[in-house]
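Breakdown of the fold
Chain by chain, the residues:
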Amino acid sequence: MIIFTNDFIEIIEENNKVLLKTIQANFQLKDFDQLVRKYPRIRLTNFALLKSALGMVSTQPVEIGQWLPIIEIEIAKDNMSANITLNETTEQIKNNQNKILLNLDELLSKHHITHGIKEIDTEKIIAGKTYCIAEGTEPVKGEDAKITYLEIPERKPVIHEDGKADYFEMNFIFEIKEGDWLGEKIPAQPGIDGKNIFGESVPAPYGDDIPLKYDSQAAYEVEKDNKIILYASKTGAVENHHGLLTVSNHLKIEGDVGLGTGNIDFDGSVSVQGTVCSGYSVKATGDISIESPEGITGAKLIQSLNGDIYIKGGIFGLSETEVEAEGSIFVKHVNDANLVAKNEIVIGFYSLGSYLVANIISLDENKGKIIGGKAVAKNSIITAFSGNRLDRRTELVIECLSKQEALDNIHERAALLKGIREEIFQLTAKLHEANQHKSRLNRMQLQGLQVLQKELEKKKVNSEQIDNEIQQLMQAVKVSGKEEIVVKKEANPGTLIQIGKKSSLLNKSTQGKFLIEFGELNV
């Protein structure tokens, strides 16, 4: 088929190829370009050969391009959409609307496109522009799993009607009974399937699953009413321990710890309704609560290996008492004692001649006093007063890691965490395989399976602990350079203010927020 001819050239279509025959040389390239614009179905593919062919008379036509269909269709790789392009002039499109629509229907039928077909307004079509002719229905992802846990009362001071905080009234140990509800999970839901442009179903993904996080020794799951219900498998104190809901054993002592009880060393939480007598100790893996309003006098050791310590009254240490908590310590006042907490020490009234170590040390901002002794924190120390009018030596110290030290620790802990998570993955795979054949296992093999399960739970707890340590170190990096000592009312002479390696011993009364500014302590 001859597309165009004149005295110089002849453009021919043959098997959807565009051929050029030069009758007379030196037909201008710009004139050829204007000519081709009148024929949108021509797509040039060999410009160099075209330029050469126009420069000399040819005995045989040469291929310079493709002869495009009136309507081109392009189907997306995922079969979810199809686009068309009309290779005709705008005038030809308007003059042949019925023919174009008929061709379009035939094209869709040829490609088996049946779903999501869109109407095309031929009055508004622009030649050479791409239009979406069919669009599939996207699948809708299912709802993610939803988890609700038993709400454990937050450990914070009771706020009275007058707005004042009472640091010594707390729901510290939250006890539950075997079979009590601990939480529930609505499993991830199926989605709504979609459909591609060929009418084929496109499977929808389920919502994301979220595991119930709990200690398998403390709780169990029951499927009920399309939910997974979590129940306590024993009576005790419910806690959130490193991200895992757990129920620890709870020892409740109605009176004092003393001659009648001996020293207490308990795997779980301990609540003492009375006091801890002079020379006696309470050690527990969980939380420790001492409820006597008079506090303790001369007790030897109060130690929580994994939890917090709450002493409703004060501590009269007599230079003998040690209080150590993996978490936080809450106390009304402290005299001549050593307190060490990994997280926070909260004191209501005063600390007198005591040694305090924690990440954060905070006393009441209006009445709290640190008099004598030494308070060492990593992040901040807050009090109303420090020292006294007799210039008693009182040390307020921030011991902070440099950013590089913190980053080195993060890398070290991250490497350890990676190894433990790999072990967890391998143990989980072993347990999954063993559980598939559980019905055929003998007693010894079942015992071995239980050992593996316990080992897995321990590694999960260890993993959570290390992950928490990394988060704390990352927080330390963020606040590096922001450490502060705040004395709201009065810092008396004899108070040592130290942040990192910078320190100043006050020789006159002052108050305010002390921190490192421009590399120096702003005292």
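Our structure's up above, just so we're on the same page.
Residues numbered from 1 in each chain as written. Predicted model: local features only at pLDDT ≥ 70, side-chain atom pairs only at ≥ 80, totals over all residues. Heavy atoms only, no water.

**Quick word on the environment of Ala375**
Defined as follows: The helix and strand labels rest on DSSP assignments: H or I over at least four residues marks a helix, E over at least two residues marks a strand, and numbering proceeds from the N terminus. Buried means the residue's accessible area, taken with a 1.4 Å probe over protein chains only, is under 20% of the maximum for its type, while exposed means over 50%, and partly exposed covers the values in between. In this analysis, two residues are considered to be in contact whenever any of their non-hydrogen atoms come within 4.5 Å of each other.
Tracing the backbone shows Ala375 in strand β37 (residues 374-386). Given a relative accessible area of 0%, Ala375 falls into the buried group. The spatial distance from the C-alpha of Ala375 to the C-alpha of Thr394 is 8.3 Å, given a sequence separation of 19 residues. Not counting residues up to four positions away in its chain, the partners in contact with Ala375 are Leu356, Ile361, Ile370, Ile381, Glu395, Leu396 and Val397.

**A look at the sheet that holds strand β17 (residues 227-232)**
Applied cut-off: Whether two strands pair comes down to DSSP finding at least two bridges between them. Only the stretch in contact is used when a helix axis is fitted, and all axes are lines through C-alpha atoms; the angle between N-to-C directions ranges over 0 to 180 degrees.
Strand order in the open sheet formed by 4 strands is β9-β13-β17-β16, and the pairing between neighbours is antiparallel. This sheet does not close on itself; its edge strands, each paired only once, are β9 (146-149) and β16 (219-224). Ignoring which end each strand starts from, the neighbouring axes of this sheet average 20 degrees apart. Here strand β13 (residues 181-186) pairs with β17 via 4 bridges, running antiparallel. Along β17, the bridge assignment pairs Gly183 with Leu230.

**Things to note about the pattern of salt bridges**
Selection criterion: The salt bridge criterion pairs a side-chain nitrogen of Lys or Arg with a carboxyl oxygen of Asp or Glu, the two atoms within 4 Å.
Within the structure shown, the criterion is met by 19 salt bridges. Its salt-bridge partner being Glu143, residue Lys146 comes within 3.3 Å of it at the nearest N-O pair. Since its relative accessible area comes to 48%, Lys146 is described here as partly exposed. Here Asp467 ties to Arg421 by a salt bridge, and the two come within 3.8 Å at their closest N and O atoms.

**Quick word on helix α4 (residues 97-110)**
Short version of the rule: One less than the residue count of a helix, multiplied by 1.5 Å, gives the span that helix is expected to have. The reported arc concerns the directions from the helix axis to the C-beta atoms and nothing else.
Taking 1.5 Å as the rise per residue, α4 with 14 residues should run 20 Å; its terminal C-alpha atoms sit 20 Å apart, in good agreement. Every buried residue of α4 is accounted for by Gln97, Ile100, Leu104, Leu107 and Leu108. Down the axis, α4 shows its buried residues gathered within 95 degrees of arc, on one side only. When the buried face of α4 is taken as reference, the exposed residues oriented beyond 90 degrees from it are Asn98, Ser109 and Lys110. On its buried side, α4 packs onto β6 (71-75), β7 (81-86), α3 (90-95) and β8 (130-135). Within two residues after α4, His112 carries a phi angle of roughly 60 degrees, on the positive side.

**A look at the sheet that holds β8**
Strands sit in the order β6-β7-β8 across an open sheet of 3 strands; the sheet is antiparallel. Here the strands that pair on one side only, and so sit at the sheet edges, are β6 and β8. Adjacent strand axes in the sheet meet at a mean angle of 25 degrees when their direction is disregarded. Here β6 pairs with β7 via 5 bridges, running antiparallel.

**As for the side chain of Glu239**
Of note, Glu239 is situated in strand β18 (residues 236-241). Judged by relative accessible area, which is 13%, Glu239 ranks as buried. If we ignore the near neighbours within four places in the chain, the residues touching Glu239 are Ile152, Leu244, Leu245, Thr246, Ser248, Ser269, Gly286 and Asp287.

**A look at helix α1 (residues 29-36)**
Residues Phe32, Leu35 and Val36 constitute the buried set of α1. What you see down the axis of α1 is that its buried residues fit within an arc of 95 degrees, all on one side. Away from its buried face, by an angle of more than 90 degrees, α1 presents the exposed residues Lys30 and Gln34. Tucked inside the fold, the buried residues of α1 contact β1 (2-5), β2 (9-14), β3 (17-22), β4 (42-44), α2 (47-54) and β5 (62-67).

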